[in-house]
Amino acid sequence: FERDIATMVETICAEHSAKPFDVLHAQYGYPTGWATLIAGQRLGLPVVVSIQGGDGHWVGSCCETHRQAMLRVLDHADAVLIGGDSFAREVHERLGTPLKRFTYVPGAVDTDRFTPSDDAPEPPVRILYHGRVDRRKGVLDFIAACATLRGDWSATISGIGPDLQASKDLVAEYALGGRIALGGYADYSDVPDIYRAHDLFASPTYAEGFSNTILEAMASGLAIVSCHAVGVSDCLRHDENGLLSEPGDVASQAAHLQRLIDDPAERARLADSALEECRRTYSWDVVGGMIADIYAQVRGS
């Protein structure tokens, strides 16, 4: 990362020389936020930084270099955007940044692209895990929960990650090969259809910045089972627009999945509530408008 900083700064400055910027906006506090802050100082431009999951969960805990860089970005950017209160509090507790430094801007989803299926649901009840195949995202908990489910259901684990082989091994250990399909890498163009081919979305994650996959599932009209986790509790509320348990509570996750397998009316209620909120709060137009207002506030500062 350190080797990339100078390259990023020089690239920003060269682009500014060709066609001047009014505002610089970095996604991630480090390394891009750090590079953008340096470029902003050099060019006399305001800097907006969006803090993402990796920034809050581990950047700054890995080494002193990254911690100092993150602190300077958090202290000196003209606006620091973060997905929600739970994530802001995690960064505050870990790095000491005052909560007043944060501007809450949630994640966003293209609600014209991610839409519910027009087909009436038919058995079996289809459960989707989509995203990074990582035990920190709860994929192994999901497989363990599926091992206790009853009735007519099937599941897909879509994606790749460090625990793909461990997931395959656990599916084999529980003899779930006939129930759980591991779809592997999914091209982004295919993802909306993957959601529409399922009825439930499972995200038993331990922590997020703001979960894009949950927003995509909400926009796709799926009932959602997830956790009371950082970055999730800002958009899902138990028994209102999803079912939430504590991270790592496999028995509770299984009970929630079973409840939705058994009760199609409950699936529809939670899915409809999540879809309505997603379109009202998390569409690109709504969140884009919030960011445009922030640009207007810092421009010229």
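Before reading further, recall that the structure is shown in the block above.
K.L.:
Let's hear about the sheet that holds strand β5 (residues 125-130): which residues, and what values?
P.N.:
Pairing in this open sheet of 6 strands is parallel, and the strands run β7-β6-β5-β8-β9-β10 from one edge to the other. What marks the edges here is a single partner per strand, and that holds for β7 (180-184) and β10 (243-245). Strand-to-strand twist of the sheet, defined as the mean angle between neighbouring strand axes without regard to direction, takes the value 20°. Two elements, strand β9 (residues 223-227) and β10, share 3 bridges in a ladder whose sense is parallel. Within β10, the residue paired with Cys227 across the bridge is Ser245. Sitting on the sheet, helix α10 (residues 250-262) is in contact with β5, β6 (153-158), β8 (200-202), β9 and β10, with an inclination near 165° to β10.

K.L.:
I'd like a rundown of the environment of Asp234, residues and numbers included.
P.N.:
Structurally, Asp234 is set in the loop between β9 and β10. For Asp234, a relative accessible area of 24% translates into the label partly exposed. Along the sequence, Asp234 and Asp4 sit 230 residues apart, while their C-alpha atoms lie 33 Å from each other. Not counting residues up to four positions away in its chain, the partners in contact with Asp234 are Gly84, Asp85, Ser86, Phe87, Phe210 and Tyr282. A polar atom in the side chain of Asp234 sits 3.3 Å from the backbone nitrogen of Asp85. Side chain to side chain, Asp234 and Ser86 meet in a polar contact 2.6 Å long.

Rules used throughout
- Residues numbered from 1 in each chain as written.
- Predicted model: local features only at pLDDT ≥ 70, side-chain atom pairs only at ≥ 80, totals over all residues.
- Heavy atoms only, no water.
- Pairing = 2+ DSSP bridges.
- Helix = DSSP H or I, 4+ residues; strand = E, 2+ residues; numbered from the N terminus.
- Axes fitted to C-alpha atoms, helices over the stretch in contact; angles between N-to-C directions.
- Contact = heavy atoms within 4.5 Å.
- Buried < 20%, exposed > 50% of the residue type's maximum accessible area, 1.4 Å probe, protein only.
- Polar contact = N/O pair within 3.5 Å; in protein donor to acceptor, adjacent residues only side chain to side chain.

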